[in-house]
Structures are given as structure tokens and as C-alpha cells.
Amino acid sequence: MRQLVAVLLGWTLAGAAAAKEEPLLEFGLGVGALAFEDYRGSATTHVYPLPVPYLLYNGKFLKADREGVRGTLFNQDWVELNLSGNATTPVRNDRARHGMPDLKSTLEIGPSLDFHLLHNADSRIKLDLRMPLRSAITVDASPRFIGWTFTPRLALDVADPAGFAGWHAGFLIGPLFADHRYHEYFYTVAPMYATASRPAYRAAGGYAGAQAIAALSKRFPRYWVGAYVRADTLAGAAFMESPLVQRPTYWSAGIGISWMIHTSTQMVEVPD
């Protein structure tokens, strides 16, 4: 669904060009706007203002940078095992779901096996294969397990693209998969909620379409700016016949700015 950690944190977290040393901690806060659908396949789109956090943390086991917030469980030159996360926002008043229960926010967490496919000599171009497997729960007073997701993707990171010093471009592309419980949470229509235009439907697990994200950002001395655009396709998805799927393809985008609040004086070595 809306992958807020990947989309929000993925493009609001810091990332400097490969350097020998970086601050242990740096953070800021700003504002931004997102335009996205209520859930993947929804015909209801909203534009939301939102706070934009900026966070750079270079701890020994926990890191926050352009690649997101992650805990490093295993690290070699060619492969890493990280702890990854993702989230979605609540869905209320969606046209296709009228009369059905609102959807709670969800939280996904699990390991990600990341392979370093390309890392050029000056560290300006990096290509990784990321393979996160996450379990998902609802975020409410009584959390409920709603299944598993698997989202393998190629991640390309380019520093100083086209000679624009200090800018960073990031690209993600890959398929999405989830089990039947996860798809049922978003796309099943129970018989009690069936109508003449919304027949009962039970979603199956499997392929969930594909997604591509492009992001651009730059860290200035006192602030950070960034933007992203995302393209989704649900063609061939296991739940494509659900009456809750009203658009097979769509775009979403966001932009934000954060002002620096604190930069630690302690510097730490960061692998190129």
C-alpha cells in the first residue's frame, strides 16, 4: 500500500556523498506535501500537508540515512542483513469502501537481505538488490497480525547526478508480493458489505503489481530539500478482480524541506 517509510523516510532521511567521516547524529524538521491514493488501486486521492523529519544517525548497529532506518544484523563487503520497516496510513471515507469499516494504519517490520551489486571507486554510484521480508500488524489498541509482504527491488543511488554537486538521485524498482491475509485486509469484500456495484470478493495471495520510485535531494548548510515521484501498476496482481481496485495504474508525488536543528560535534567513520 502506501509505503510511507519507503516514500517518506526514504526521501527525507539524510545522505551525504561517500565520505570518510560524518556526524554521529544530525536532525532537523520541516514541512512538505504528499499527493497519493487511499490505498493501491483506490480512485480516491488526497493531498496532505505533513511534517518532514530529517535524520542522519551513524551508530554501530542502528543507522538512519538515505536508505532508511535500519538495524545492521550482518555486514560484509557484498551483502548485508538489515532490519527494515514500513507503514501505511489509515483509510477513511474512500468512495469504493463506502459502508465498509475504516482501515487502520499498519506497521511492517522484518529482515532485509541486501546485496551490493555495484559500488564504483569514488562511491558516486551504488546499485543494490534489496530483499525485505516483513510481517504486518494493525496499529490500534489491539494490534492484529495481517500477514507478510516481500518486496524485492533494485536500488540505484547516484551522487552529483549530471554534475550537480551535492545533489543525490535515488531510484527504486521492483515487484511486490504478499500473502492472502495481507491482501484480504485491503481488497476482500465480505458478503455483508456486498452491494449491486460491489460484489463479494475474497482476495488471494501472490503477486501485487510493481512499483518504481525516483527521488532527488540536497543537503544545504542549514536545510535539506527533496522530492519524489512514484509510479504503480497493479496489472496481473492476484487481487486485480476485487471491486475495490478501481485504477490499475497511477502516479503519486511529494516535496519537502527541513531546517537543521542539531548536528553533533562527534564524527564517526562511515564505510564508503
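Just so you know, these numbers come straight off a predicted model, no measurement behind them.

The rules we used
Residues numbered from 1 in each chain as written. Predicted model: local features only at pLDDT ≥ 70, side-chain atom pairs only at ≥ 80, totals over all residues. Heavy atoms only, no water. Salt bridge = Lys/Arg side-chain N within 4 Å of Asp/Glu carboxyl O. Helix = DSSP H or I, 4+ residues; strand = E, 2+ residues; numbered from the N terminus. Pairing = 2+ DSSP bridges. Contact = heavy atoms within 4.5 Å. Patch = residues over 30% accessible without salt bridge, like charges linked within 9 Å, V, L, I, M, F, W, Y side chains within 5 Å. Areas by Shrake-Rupley, 256 points an atom, 1.4 Å probe, with all protein chains shown as cover. Buried < 20%, exposed > 50% of the residue type's maximum accessible area, 1.4 Å probe, protein only. Arc of directions from axis to C-beta. Core = buried A, V, L, I, M, F, W, Y, C linked by side-chain atoms within 4.5 Å. pLDDT = per-residue confidence, 0-100. Phe/Tyr/Trp six-rings, centres within 6.5 Å; stacked < 30°, edge-to-face > 60°.

Glancing now at the pattern of salt bridges. All told, the structure shown has eight salt bridges when counted by the stated rule. In this structure, R134 engages E108 in a salt bridge whose closest nitrogen and oxygen atoms are separated by 4.0 Å. Here R134, found in strand β8 (residues 125–138), pairs with E108, found in strand β7 (residues 106–119); they are 26 residues apart in sequence, far enough to count as distant. Put simply, D160 and R124 hold a salt bridge, and the shortest N to O gap is 3.6 Å. Residue D160 is located in the loop between β10 (153–159) and β11 (167–178), and its partner R124 is located in the loop between β7 and β8; the two are separated by 36 residues in the primary sequence. Each of E37, R40, R230 and D232 takes part in a single network of salt bridges with overlapping partners.

Turning to the pairing of β8, a few remarks are in order. Pairing analysis gives eleven bridges linking β7 to β8, with the strands arranged antiparallel. When the sheet's bridge partners are listed, I109 is paired in β8 with S135. Sheet topology places β8 next to β10; six bridges connect them, and they run antiparallel. Within the sheet, the bridge partner assigned to L129 lies in β10 and is L154. Connecting the antiparallel pair β8 and strand β9 (residues 145–150) is a turn made up of six residues.

Turning our eyes to something else, we now look at the environment of F115. Here F115 is to be found in strand β7. Once the C-alpha coordinates of F115 and M131 are considered, the two residues, 16 residues apart in sequence, prove to be 8.4 Å apart. With residues up to four places along the chain from it excluded, the contact list for F115 reads W78, V79, L127, D128, L129 and M131.

Attention now moves to the pairing of strand β2 (residues 25–37). Bridge count for β2 against strand β3 (residues 45–58) is 13 bridges, and the pairing is antiparallel. Looking at β3, one finds that F36 is bridged to H46.

Next up on the list: a nonpolar patch on the surface. Together, L107, L133, I137, V139, F145 and W148 give the surface a local cluster of nonpolar side chains, amounting to about 510 Å² of exposed area. Residue assignment for the nonpolar patch shows that the elements contributing at least two residues are β8 and β9.

Burial in helix α2 (residues 180–187) covers these residues: Y182, H183, Y185, F186 and Y187. Looking straight down α2, one finds its buried side chains confined to an arc of 165°; they lie on one side. On its buried face, α2 is in contact with β6 (79–88), β7, β8, β9, β11 and β12 (206–219).

With that out of the way, let us pick up the nonpolar core. Ranked by internal contacts, the top residues of the largest apolar core, which has 23 residues, are Y39, Y182, F186, Y187, L234, F239 and L244. Of all the secondary-structure elements, those providing two or more residues to this core are β11 and α2. Of all hydrophobic cores here, the second largest spans eight residues; its members include L34, F36, I213 and A215.

Attention shifts here to the environment of W251. Of note, W251 is situated in strand β14 (residues 249–263). With relative accessibility at 65%, the residue W251 sits in the exposed group. Ignoring any residue separated from it by four or fewer positions in sequence, one finds W251 in contact with V229, R230 and A231.

To continue, consider the confidence of the model for the protein chain. The predicted model of the protein chain has a mean per-residue pLDDT of 84, with 83% of residues at 70 or higher. Considering only residues more than four positions removed or in separate chains, one finds that residues 1–19, a stretch of pLDDT under 50, has 81 contacts.

This part takes up the packing of aromatic side chains. Using the criterion set out here, one finds 13 aromatic pairs in the structure. Ring plane angle 90° and centroid distance 6.3 Å describe the contact between W167 and F220, whose orientation is recorded as edge-to-face. Within this pair, whereas W167 is found in strand β11, its partner F220 is found in the loop between β12 and β13 (223–233), the two being separated by 53 residues in sequence. Owing to a relative accessible area of 22%, F220 belongs among the partly exposed residues under this scheme. Relative to F239, the ring of Y187 lies with its centre 3.8 Å away and its plane at 5°, an arrangement referred to as stacked. Taken together, the residues span a long stretch of sequence, with Y187 in helix α2 and F239 in the loop between β13 and β14 at a distance of 52 residues. Accessibility assignment for this pair places Y187 and F239 in one class, buried. Among the aromatic residues, ring-to-ring pairing joins Y39, Y182, Y185, F186, Y187 and F239 into one connected group.

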